[in-house]
Amino acid sequence: MVVAKIDNALRLTAVDDAAARLGIRRGLPLTSARAIHPDLKVVEADPAADQALLEAIADWCDRYTPFVAIEPPDGLLLDMSGGAHLFDGEEALIADITQAMARRGFTAAVALAGSIGAARALARYRPGTIVPAGTEAQAVAPLPAAALGLPADVAQAIRRAGLATVADLADRPRAIFSSRFGALVGTALDRLRGVGDVPLSPRRPPPCFRIGQRFAEPVADAAIIAATIAGLARDLGVHLERAGQGARRVEAAFFRSDGALTRLSADTSRPTRDAAVIARLLHERLEALADPLDPGFGFDLIRLAALVVEPLDTAAGAFGGGAEAERSFTALIDRLGARFGTRRIVRFLPGDTHVPEATALPVPAIDVGRAAVRLTPGATAAWQAMRGATEPPARPLRLFDPPHPIQAQPRPGLGSHPDGPPARFRWRRCLHEVVKAEGPERIALDWWRTAGRLPFRDYFRVEDEAGHRFWLFREGCDDPAGPESGGRRWFLHGLFG
Amino acid sequence: MQASALAQLRHTISRLEGRPATGWDWTNGSASGPGAGGTDPLATIRIGLGLEEADQVLQGGLRTAAVHEIFAAAADGPAATGFAVGLAQRVLSALAPAGRPRLLWIRDDFCELEWGGLFASGLVEWGLDPGVLVMVRVPRPLDGLRAAADALGCGGLAAVVLESSGPAALLDLTATRKLALAAAASGVTALTLRLDGAPVPSAAETRWLIEAAPSSTGATRRRWPWLGNPAFTATLARHRGGRDGRWTMEWDGDGRRFRAPPSEAIDDGTRMSLPLPLRPADPGPLAAETDGRTAGPAPGRSATAGPLLSRRRFPGRGGGQDR
């Protein structure tokens, strides 16, 4: 017995079979239900948990079709177009789903029809129905008018008008309903009868190629799993080759016999259909899992899918060693990317800015060369040294982002300059005496991002007595109303080699 | 007969040591065999630092397809980074025409926090094109070791830099031996940058200890001296089959090589004709907080030198020895 607060009263939102036999129904206030049977076991509703459970079941249903959509609050829509024969026909499919759900402790009401609206209504009001294509109108005719799924007030109005079934509405001229109950009724009726159906929007983008291996007995052995992946990768490669495509992202899905589902995906820096490469990347991903893949009582389905594909022409073997070196390099990038995540393997593109933190854009190495990256501003710019001839480096080798605040002491005495470098500064509890300094080099920040203010930084290259070199800056602002120079803070931004 | 037996033994030894049998005559230090520039694409070559004294000791330079260790104390980490970048730059420019145009730099997340990120604009200043660099950031040091072992098997790379922080116990004899074998098999040069690391026995070809050194100052008559080229004191602490050494060198950004610092710049205490108001009468609140971890002057020194220098309105550089 599940209750939730609806309209300021605790009402039952779900009841079990025993309660239903007592005449307790959904929507009844809790106090009325207690009057019928004082010993009710009551649980508070948890819509978030219900939603999560529904998502998990939807994941599991992925074994039947990639087109799975959630029908809130408690329904799932599976697009089985052209796929029922894989499960020995439509009756067997429905029986399979019902039984599988029952084994896991759920009661499923399943119906199969040629349109979403009809299937939805039949599953709720005539579970187990299979409607041959084109006969949806007849099939839904005896359903109660509530099957239209209309808003509560409209549904009540229809009931009061004495229209009990769908047939009652369907037989009468459409114009009457439109004027009396609104245009919604007509649309709902059409959907239900299979006219003007809306397409199903799947939860996940359907893969381009998908191939799976079902096991009569669940497997848990790592060697068998690895061999299965290798075999599936080979089959996937054949399919990809037939289509002239190569995979940029492959996904392995492990369906555990108790319903849990684990998905692993791996990216490649160039399209591939090499089974060995795909298998090895997925193996890397398996190895890199923080908590190893738990087979539980075993997997009853392992599936491989190519989620992103690109055209791949038959490689014209280049002569010379360069291609081989290039290939081994991209293979290394893919492997490291599969193991550590592609965002951890980066290359730098020059950024079109003077703000030091943004002069180098880290781009996943796997993406370098892709169209989206080529369009990045600065991607075509070249790296340019800031230093002049015979000068030491003008930029540090190591940069802290964000900069570290430091305590700096100004240079005292006659020779000092208010905008000069500090005499000493303290960073990470160490005091550094500045003996050499160069600066200031003023770098203006992006004024268009800071309304009305003109922030800038005065950078200094300084060296301490031991020869350690630092990149310091003092922040400033050309804002008359801004803080005075006394309040300007010092930061350490980088370390020179 | 005896000579051929000797040659046979030399060959066996060099094979055991993982060196290509180049017929190097160890007794007089000259290449006598066909090894140099031979037909084998994986044949190691030696890449000179540019500093002649060091290159002599190194018998021509650092060997490619081997592991080289670079150690530095905590404060000298950036200097060691500079040394590694310089070496990588020289290896890269020597091997890029031979189809090895890339550099892989592996570091773990702790290095990123502790030492800051590698700054591409700074690499440009050192003559290293950031476009050839691939950064690999790994969660844990062990992952870095695995990544390095993988990367050393990739023929498209010129060098792999493995950066680690602290006394990484992972890079022991066994691990470095594996890296050295992988490097020898693929021809990739491995540089292990051990910031704040403690040397342990290893299979590295060379081991360097890097300390920062004051840079030579180019300009003299200024309010304060400017910075010169990046300078370090590099100690060759270990060198398989060769002598050790210790040199002060600086990076020449124009020639993209290491070189000896200008000689007149070594005693920089006397050259400053314009005095510097370096120290105030009061060491200041910052100096007063010095807790013994002072990186600048030794503790206690500032306490005595401060008032002394303050009486001299403009003390010369070098702490008053010229008094």
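Going by an unreviewed UniProt entry, chain B carries the name Protein ImuA and comes from Chelatococcus reniformis.

Per an unreviewed UniProt entry, chain A goes by DNA-directed DNA polymerase and derives from Chelatococcus reniformis.

Draft legend 1. The interface of chain A and chain B, seen in detail. With 72 residues of chain A at the contact, the number on the chain B side is 86 residues. Summed over both partners, the interface of chain A with chain B buries about 6900 Å², with 56% contributed by carbon and sulfur atoms. Linking chain A with chain B are seven salt bridges, by the criterion used here. One salt bridge connects Glu 163 of chain B with Arg 398 of chain A, and the closest N-O pair in it is separated by 2.8 Å. On the surface where chain A and chain B come into contact, there are 28 residue pairs in polar contact (both at pLDDT 80 or more). Within the residue set of the side of chain A that touches chain B, elements represented by two or more residues are α13 (322–340), β10 (345–350), β12 (398–410), β13 (422–427), β14 (430–444), β15 (455–464) and β16 (469–477) of chain A. Counting residues per element, the side of chain A that touches chain B draws most heavily on α13 of chain A, which supplies 10 residues. Class assignment for the residues of the side of chain A that touches chain B results in 37 nonpolar, 13 polar and 22 charged. In the sheet, β10 of chain A pairs with strand β8 (residues 133–138) of chain B via two bridges, with the strands oriented antiparallel. Bridging from a neighbouring strand, Ile 345 of chain A pairs with Val 136 of chain B of β8 of chain B.

Draft legend 2. Structural context of a nonpolar patch on the surface. Residue and element names in this part refer to chain A. A surface patch of nonpolar side chains, about 390 Å² in accessible area, is lined by Trp 447, Trp 448 and Leu 454. Checked against the element boundaries, Trp 448 lands in the loop between β14 and β15. Overall, Trp 448 belongs to the exposed group, its relative accessible area being 56%.

Draft legend 3. Structural detail: unusual backbone geometry. A cis geometry characterises the amide bond from Asp 401 of chain A onward to Pro 402 of chain A, with omega recorded as 5 degrees. As for its position among the elements, Pro 402 of chain A is in strand β12. At Arg 428 of chain A, a residue that is not glycine, the phi angle is positive and equals roughly 50 degrees. Tracing the backbone through its elements, the reader meets Arg 428 of chain A in the loop between β13 and β14. Of note in this structure, Asp 196 of chain B is not a glycine but carries a positive phi near 60 degrees.

Draft legend 4. Fine view of the sheet that holds strand β2 (residues 9–14) of chain A. Residues and elements named next belong to chain A. Read across the sheet, three strands follow the order β2-β1-β3 without closing on themselves; strand pairing throughout is mixed. Edge positions in the sheet fall to β2 and β3 (43–44), since each of these pairs with one other strand and no more. With five bridges joining them, strand β1 (residues 2–6) and β2 adopt antiparallel strand pairing. Note that in β2 the partner of Val 2 across the bridge is Ala 14.

Draft legend 5. Up close: the sheet that holds strand β7 (residues 245–256) of chain A. Residue and element names in this part refer to chain A. Strands sit in the order β6-β9-β7-β8 across an open sheet of four strands; the sheet is antiparallel. The open sheet has two edge strands, β6 (209–219) and β8 (261–272), and neither has a second partner. Each neighbouring strand pair of the sheet contributes to a mean axis angle of 15 degrees, computed without reference to strand direction. Bridging between β7 and β8 involves eight bridges; their strand directions are antiparallel. Paired with Ala 252 across the bridge in β8 is Leu 264. This element, helix α11 (residues 222–243), spans β6, β7, β8 and β9 (299–311) of the sheet and lies at about 155 degrees to β6.

Draft legend 6. Quick peek at the confidence of the model for chain B. All names here are of chain B. Confidence along chain B averages 76 in pLDDT terms, with 69% of residues attaining 70 or more. Least confident of the elements in chain B is helix α9 (residues 301–311), whose mean pLDDT is 36; most confident is strand β5 (residues 67–72), at 95. Confidence over residues 21–40 falls short of pLDDT 50; this stretch has 20 contacts with residues more than four positions distant or in other chains. In this model, residues 265–323 is a region of pLDDT below 50 whose contacts with residues beyond four sequence positions or in other chains number 83 contacts.

Draft legend 7. Just the pairing of β9 of chain A, in detail. Residues and elements named next belong to chain A. Note: β6 against β9, seven bridges, orientation antiparallel. When the sheet's bridge partners are listed, Ile 211 is paired in β9 with Leu 304. Strand direction decides the pairing type here: β7 and β9, joined by 11 bridges, are antiparallel. Bridging across to β9, Ala 252 finds its partner in Leu 304.

Draft legend 8. How the structure looks around the packing of helix α6 (residues 141–151) of chain B against helix α7 (residues 173–186) of chain B. Residues and elements named next belong to chain B. It is the contact of α6 with α7, at a shortest axis distance of 9 Å, that shows an interaxial angle of 20 degrees. By the angle between their axes, α6 is roughly parallel relative to α7. The segment α6 lies against α7, with Leu 145, Ala 148 and Ala 149 engaging Ala 175, Leu 179 and Ala 182. Each residue belonging to the contact of α6 with α7 can be placed in one class, and the counts come to six nonpolar, no polar and no charged.

Rules used in this analysis
Residues numbered from 1 in each chain as written. Chains lettered and ligands numbered in written order. Predicted model: local features only at pLDDT ≥ 70, side-chain atom pairs only at ≥ 80, totals over all residues. Heavy atoms only, no water. Contact = heavy atoms within 4.5 Å. Buried area = accessible area lost by both parts, 1.4 Å probe. Salt bridge = Lys/Arg side-chain N within 4 Å of Asp/Glu carboxyl O. Polar contact = N/O pair within 3.5 Å; in protein donor to acceptor, adjacent residues only side chain to side chain. Helix = DSSP H or I, 4+ residues; strand = E, 2+ residues; numbered from the N terminus. Nonpolar A, V, L, I, M, F, W, Y, C, P; charged D, E, K, R; others polar. Pairing = 2+ DSSP bridges. Patch = residues over 30% accessible without salt bridge, like charges linked within 9 Å, V, L, I, M, F, W, Y side chains within 5 Å. Areas by Shrake-Rupley, 256 points an atom, 1.4 Å probe, with all protein chains shown as cover. Buried < 20%, exposed > 50% of the residue type's maximum accessible area, 1.4 Å probe, protein only. Axes fitted to C-alpha atoms, helices over the stretch in contact; angles between N-to-C directions. pLDDT = per-residue confidence, 0-100. Parallel < 35°, antiparallel > 145°, perpendicular 65-115°, else oblique.

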